[in-house]
Structure formats: C-alpha cells, structure tokens
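Given next are the chains, with one letter for each unit.
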Amino acid sequence: MRLSSFISQINQNYMENMGAEGTSFLEQGLKNGMEAILGKLPGQAVTGEVLFRNGNDILISLGQNQLLQAKLEGNMSAQPGQLLTFQIKNNGASKVVLSPLFENLSQDPNVSKALKAAGLPENNITAGMVKAMMQEGLPIDRQSLYQMNRYVNANPQTDVQTLVQMQRLSLPITEENIFQFEAYKNYQHQLGQSLSDIVDAFSQSFQEIAENGDLQEGFEFYKEVLNVLVEAQPMTESAPKDITFENTGQIWEPSEKQISPEQALEHVEEETKDIQLLLPEEQEILTEQLKQAGAPARLLNAVAAQKISGGELLNEVSKMLTQETAPDKEALWKLLEGKPFKHILKNEMNRQWLLQPQEVAQEHSVDKLYERLNSQMSRLNSVLSQTVKPDTPLAKAVSNVNGNIDFMNQLNHIFTYVQLPLKMQEHNTTGELFVYTNRKSLAKKDGSVSALLHLDMEHLGSMDVHVSLNHQKVSTKFYLQDESALDLIAQNIHILNERLENRGYSMNAEFISREGTTNVMEEILSQDKNISVLAGYSFDARA
C-alpha cells in the first residue's frame, strides 16, 4: 500500500472518530510534528508512540498533536502502542532522517542472539555494529562479527557505518582509505580542489623555506618542483600503468601510438597562450625581472615577442636556478615571487593537471592525465619529504591527491568510476563519471550500460546527467536545480542529438528539476546491495 493511500485510510479513521474536523486535525498534527523535528539539532533524540502501521508505512505521535509520517526500511519491529526512540541524523527542509537508538535494537531478539552467539558484549556500540552489518547485507556469524569488532576497536573514532560499508565493498580498512571514504561520503573529495590547493600552497612553502634558512635552499626546492613539471612524460596514447579506468564499452583501450605532429603543433600553440594571457604591463615586468636575474638575451627576446610557451619558460628558469654562479639572488627571488611568473607557473600547473572540456572526448585523454598525475605527485612527494614538513598545506595537498588516486584505483576494482578535473573558462571544477556496472557482472554483456555524470557548474549549478545506452539507443535524464538552467539545456539539446545521430545513435532526453546534490559514493553503495530479511533499521521521514 502506498503512503498516500495509507494516509487516506488514517484520514478516514479520524473522520469516523472525530467528525468533519478529523482531516484538518491530522494535517495540523503532521505540520506540528515536522516543526518539532526541524526545531531540534542533529544528534538530539526524539521519542514517539506508534499510532498506526501498515507494512512499512507508519505514523508516530510525538505528543501535543505532533505527528510524524514515515517509511520504515527493512523489517524493523514496530507495533501500535510501542514507544520508539530515535536520534536525528539530518533535518533538512526537504528530508528528515532519524536513526534508531540502542533501546529499540535491544527489543529485536536477532541482535541479542547474534551477539551472544559470538560471545560479544551487548551494548550501544556492538548493537549498532550488528545493525549496520544487517543493513548492508553482511553475514552476522561468529567469525564475521569478531572481525568487524576488531575493526571497530582499532578505529574508535570512525563511524561504524563507514567500516561496515568499506568491508562490504572489500576496500582495505586503513587510515588513509577511511579518510578518503568519508571525504567521498561528505562530498569533500574533489580532486580538482586538492590540485588547486597545491598551486596555492607552493609559493607559501617556497617563502617559508627561503625565509627560515639559506635562500639557496629555497632555490633548490623551487628547481626540483619546476623539474617535475618540465620533465613530464611526453603525451602518448598509452594506458596508465598504475590506475586503469576500464569500461564495459572498452572506451579506454591501451595503445602505443604517439601524438601526431598536428596535435603536437596544437599543443605548443595552446601553451604559447600562457605568455599572451599576461597584460602588457605584466609582460614588461616579467621581461625586466628576467633581465635583472641574468636571463640570456635569446630568452628575453622570446618573451618580448611572445614566442615561448609556459613550459619552455619554466625550463629556462630551472636552468637559471641550476647555475652555480647564479646572478643576483635577490633579483632571482623577485622574479620567482613576481606576479607575472606566478601567473605563468599556475597556468602551467593547471594545463598539466586539468582537462579542457573538449579533451574529455579525446580517446585516452583521461588515462594520460592520471598517468601524468601519478608520476608527478610521486616525485613531488619525494621532493617534499626532504624539504617540507609533513603538516604543511602543500605536503597535505600532495598527500591527499596521492591518496585520492589510490582510493579511486581501488574503487575501480569494483565499479568504473573516475573524477574529471576540468579547466573551464571562468573557473575550474570537477566532474565525476560513474558506470552502473559491477566488475563482477561484466560477463553478462547484455549490450546495455548506464552511467552518471555529475558536474558542478558556475552558472548552471549542480547538474547530473543519467545516461543509458542499449545498443544504439541512448536515453538521457538531465537533473538541475534551476528551472532556467533546465530551459537552457532543453533549448540546446539538438546539438547533442545531432552529434549522436551522426554517429548512428538515436537519443531520447528528459529534463527534471530537483533539489540537492548527487553523492556518487551513495550511488556506488546502492549498487548490488544484497539486503537480508533481517536488515533495515533506517527510519526515513520526508516532509
């Protein structure tokens, strides 16, 4: 029975017992109940009496004409007249989530039975552990409970739900993986933000090294970092060695073909724009600072004529830092700390670490990006371990990028998932691509595949694109928070449609408005979730 039908039944009961005022009484009670919940803070508890239950649909009285309608997930034991106590996990304007406390769980004989069979004490923590394992469809035999209890004891500051979910996904439960997993769940995982943190923190670390010690030590640090950038591996169409993003449609296949001369020319022309992006006065300042620092005439002429790329400029400055008989160190310091050179350095880092939107469509572009990131972050980490303290913003940012990539690699043993750090015109962002196919199910090969692309756009806001491909038929659903953004997409969808038709595909598109932001980790966790009949103690109330 649907919740709406259930409420209609309750309305009828109220009408019979209370007359014509029954319906308005119920509506007011539901309104009062939501106001009572929204007036509390997450973490606080609320207790109510079960008034009605029909299947998973339930109505609870909080007292003083305060009612709460909800849907029980699973097989929770809740009968009319029973008092239940919940902790408020979330009380947003459109969704209220309550989590049952131990006193409710203890009423379920399955929880006590499992703990007693395993010889474990029955308390808030162990009962919550059993509940979480049942919710995730994990076995609750003696060995499984012992193993999970060890993880809980070894990580007392970690939410039990996190440990159980990682166990279900077969992710190694390590300190770094826990950090990354919770960052993904809390939507604090964007790779692009960590890369931006590296760019911003680099200059700060250079200043600290130079000011706290010999200026030459700061130059050595700067030179090592520049070498990481200028000695990047040439762009080839080969798959990465350490991280792979396979796809059911075999989008990313390894090959060894080198980039074409035409592509190489385009690449150099794109880099040359680094100098052209400077304002005329900034270019004059850069040329003068290079001259004062002892740069050769050929370099000065190339900069003045805008005939040098950002990468080539960094290479030349790296050579200047290598000279034993270095020119005026103070002049060299002013060059490195000058706004024009910092602008070129930041743009070169972004060029190497972020993708242009048009590059995403190029074959193997994502593979090449992660191959480059793997190599450069490993080298940066090695440089920083010798010169920078591990608790500095720069060291933390590099470590987070390394950990994020490693974690993504582990996820890709289960599902196809990749982040796309994108360099947009006005701001940088991170896209996420998740393919709804478990690695264990690839053998089915039924010709269909579904994927989610999540983007956070500056003007369009949060956008989710669900794509389903069945042979040559493509179905897309665009989810945006803003109606005007939806209209904009709808007005221009013919461009995408025409491109797909040129490739032999037919497309059907839907445009849907919704609040909230998609959490890709929740999408991953919801896949192939084998819940047992004993599972399900979540309590979800919606306004």
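It should be noted that the structure appears before, not after, this text.
A. Local environment of the nonpolar core. Core analysis: the largest hydrophobic core is formed by 116 residues, its most contacted members being Phe221, Leu290, Leu313 and Trp353. Those residues within four positions of Trp353 in sequence are excluded, and the remaining contacts are Leu195, Ile198, Val199, Leu229, Leu369, Leu373, Gln376, Met377, Leu380 and Pro421.

B. Quick peek at the pattern of salt bridges. Counted by the stated rule, this structure contains nine salt bridges. As a salt-bridge pair, Lys223 and Glu220 come within 3.2 Å of each other at their nearest N and O atoms. Of this pair, Lys223 and Glu220 both sit in helix α10 (residues 215–230), three residues apart, which is roughly one turn of the helix. Overall, the relative accessible area of 12% leaves Lys223 in the buried class.

C. How the structure looks around the pairing of strand β1 (residues 45–54). As defined by bridge partners, β1 adjoins strand β2 (residues 57–61) across five bridges and the pair is classed as antiparallel. By the bridge assignment, Arg53 is partnered in β2 with Ile58. In textbook terms, the turn of a hairpin is the stretch between consecutive antiparallel strands, and for β1 and β2 this stretch comprises two residues, one of which, Gly55, has a positive phi near 65°.

D. Representation of the packing of helix α15 (residues 329–337) against helix α16 (residues 339–353) in the model. Interaxial distance between α15 and α16 falls to 5 Å at its minimum, and their mutual angle equals 55°. When the interaxial angle is binned, α15 and α16 end up oblique. Seen from α15, the contacting residues are Leu335, Leu336 and Glu337; seen from α16, they are Lys339, Phe341 and Lys342. For the contact of α15 with α16, the residue count by class is three nonpolar, no polar and three charged.

E. Region of interest: the packing of aromatic side chains. Counted under the stated rule, the structure contains eleven aromatic pairs. Consider the rings of Tyr184 and Phe407, whose centres lie 5.1 Å apart with planes at 55°: the pair is tilted. Of the two residues, Tyr184 sits in helix α8 (residues 175–185) while Phe407 sits in helix α19 (residues 393–411), which places them 223 residues apart along the sequence. Assigned by exposure class, Tyr184 and Phe407 land together as buried. Taking the centre distance of 4.7 Å and the plane angle of 85° together, the rings of Phe206 and Tyr222 count as edge-to-face.

F. Representation of helix α5 (residues 124–135) in the model. Helix length check: α5 (twelve residues) gives 16 Å between terminal C-alpha atoms against 16 Å at 1.5 Å per residue, within 8%. For α5, the tally of buried residues reaches ten of twelve residues, placing the bulk of the element in the interior. Looking only at α5, the buried set comprises Thr126, Ala127, Gly128, Met129, Val130, Lys131, Ala132, Met133, Met134 and Gln135. N-capping of α5 is provided by Asn123, with a side-chain oxygen placed 3.0 Å from the backbone N of Ile125. Following α5 by one or two positions, Gly137 has its phi on the positive side, about 75°.

G. Representation of the environment of Met408 in the model. Along the chain, the position of Met408 falls in helix α19. The class of Met408 is buried, set by a relative accessible area of 0%. Residues Met408 and Gln419 lie eleven residues apart in sequence; the distance between their C-alpha atoms is 8.4 Å.

H. Seen up close, α8. Every buried residue belonging to α8 is among Asn177, Ile178, Gln180, Phe181, Ala183 and Tyr184, and all of these are buried. Buried residues along α8 sit against α7 (160–168), α19, β6 (415–423) and α21 (520–525). Tyr187, located one to two residues past α8, shows a positive phi value of around 60°.

I. Local environment of the side chain of Gln165. Its location among the elements puts Gln165 in helix α7. Non-local contacts of Gln165, meaning those with residues more than four positions away in its chain, are made with Glu136, Phe181, Lys185 and Leu525.

So, how was this worked out
Residues numbered from 1 in each chain as written. Predicted model: local features only at pLDDT ≥ 70, side-chain atom pairs only at ≥ 80, totals over all residues. Heavy atoms only, no water. Core = buried A, V, L, I, M, F, W, Y, C linked by side-chain atoms within 4.5 Å. Buried < 20%, exposed > 50% of the residue type's maximum accessible area, 1.4 Å probe, protein only. Contact = heavy atoms within 4.5 Å. Salt bridge = Lys/Arg side-chain N within 4 Å of Asp/Glu carboxyl O. Helix = DSSP H or I, 4+ residues; strand = E, 2+ residues; numbered from the N terminus. Pairing = 2+ DSSP bridges. Axes fitted to C-alpha atoms, helices over the stretch in contact; angles between N-to-C directions. Parallel < 35°, antiparallel > 145°, perpendicular 65-115°, else oblique. Nonpolar A, V, L, I, M, F, W, Y, C, P; charged D, E, K, R; others polar. Phe/Tyr/Trp six-rings, centres within 6.5 Å; stacked < 30°, edge-to-face > 60°. Expected span 1.5 Å × (residues − 1). Polar contact = N/O pair within 3.5 Å; in protein donor to acceptor, adjacent residues only side chain to side chain.

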